[in-house]
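# An overview of the molecular structure
Given next are the chains, with one letter for each unit.
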Amino acid sequence: MEVLEDIMQNETILCIAPRDWYGLWKEAQSIMSLIATRNRVLYFDPGRDSNHPAFSELVDNLPNFFRLRTQQVGDNLTVIPTPSSLPHVRRHLPRSVLRVTMPLVVKANARVLIRHVQRAMKALDVKSPILWLYSPYHADLIGNFGEKLVCYYNYDEFAEYVSNARIRETVRHYEAQLCKKVDVIFTTSRAQCEVRKAYNPNTFFVPNAVDFELFNRALRPGIEMPDDIAKIPRPIIGYAGRMAAQIDIVLLRRIAETYPSFSLVLVGPDELPHTKDEKVLRTLNNVYFLGWKKPSDLPNYLQAFDAALIPYQLVGHVLSGYPTKLHEYLAAGRSVVATAMPELLPYKNVLRI
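Overview of the structure. Being a predicted model, the structure only gives us computed values, none of them experimental. (Residues numbered from 1 in each chain as written. Predicted model: local features only at pLDDT ≥ 70, side-chain atom pairs only at ≥ 80, totals over all residues. Heavy atoms only, no water.)

Within the largest apolar cluster, 56 residues are counted, with the highest numbers of intra-cluster contacts made by Ile 13, Leu 14, Met 32, Tyr 43 and Trp 132. With 45 residues, the next largest nonpolar core counts Ile 237, Ile 249, Tyr 322 and Leu 351 among its residues. (Core = buried A, V, L, I, M, F, W, Y, C linked by side-chain atoms within 4.5 Å. Buried < 20%, exposed > 50% of the residue type's maximum accessible area, 1.4 Å probe, protein only.)

Another point: unusual backbone geometry. Residue Arg 234 is joined to Pro 235 through a cis peptide bond whose omega torsion reads -5°. By the element assignment, Pro 235 lies in the loop between helix H9 (227-230) and strand E9 (236-240). Positive phi outside glycine occurs at Asn 10, with the angle close to 60°. On the secondary structure map, Asn 10 appears in the loop between helix H1 (2-7) and strand E1 (12-16). When its relative accessible area of 70% is taken as the criterion, Asn 10 is described as exposed. Even without being glycine, Ser 128 reaches a positive phi, approximately 50°. Take Ser 128: it is sitting in the loop between helix H5 (95-123) and strand E5 (130-133). Assessed through its relative accessible area of 39%, Ser 128 is described here as partly exposed. (Helix = DSSP H or I, 4+ residues; strand = E, 2+ residues; numbered from the N terminus.)

Looking at where Ser 33 falls in the secondary structure, it is placed in helix H2 (residues 27-35). The exposure class of Ser 33 is partly exposed, given its relative accessible area of 27%. Separated by 41 residues in the primary sequence, Ser 33 and Gly 74 have C-alpha atoms spaced 8.4 Å apart. Apart from the residues within four sequence positions on either side, Ser 33 is in contact with Trp 21, Trp 25 and Leu 77. A distance of 2.7 Å separates a polar atom in the side chain of Ser 33 from the backbone oxygen of Gln 29. (Contact = heavy atoms within 4.5 Å. Polar contact = N/O pair within 3.5 Å; in protein donor to acceptor, adjacent residues only side chain to side chain.)

Next comes the structure, spelled out in structure tokens:
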């Protein structure tokens, strides 16, 4: 991405983002922050987060359907909330029904989003932008903004998500359609790259990276230790990141029970599936859930980790995933222990598989 930062100048990028600017800080916010040093970025917050109740989001985002709201978060970076999009209801409807309803929902959401982006372009005098996409459902957006280039940044195998089990083939169809229509594809793993090269030769492997200066602060003397982790007994086995279906809860329970004199500290948004092992994990005296932290505060927590975990289940999209936290942990000088994700195997000389 440093190459993009050096070459691309004085362009306007319409980033149809996969997560809120103030949500869990990941590749979308990081890359757009870099690009905005020499270009203008309009960052469109998504109108739907599957981890939040659909009705409350609909109410919260309803004003965005009627008016344009913008927030300047940097000299060249504007965040624009979008109207709520309709949920796919993929976890509840039978496959036969979803095959009919999914295309209708995708088209309806695209129309609402196109209208909103065009409104923003008119208000902010945008012409000939670069369109930057993250979702396989956004193929219908292409060609509606007078864009000079369309980029697709693929960071996961969406069809392999557990939550997409009922619509797996439909997601693959949309993914293939999008890949064929865009000008260039960036992928974050070798496996993702090979799949998409079959649809588009302009597909490139761009591995995840890290804000080294930020995370390396964990090694600097005198860095403040947050109160909620300072009081936890050492040694600490830690995990920092989103906790959802990708986490091997059985493994975490086994670690906590095998090392009762160690503290298992979990930092990040807590969206763990409700299972028997999850319930037991929360009752163990040496397990600590510390919740979401600001990205700028993560090095302060990582400094307390004696070992840092990547405890992912080896199923679904994890098998082709490339975890950013590998580099975050290493930049913070932590000892890393991970499950055998294929994309981590080339780094086995610097971590324990």
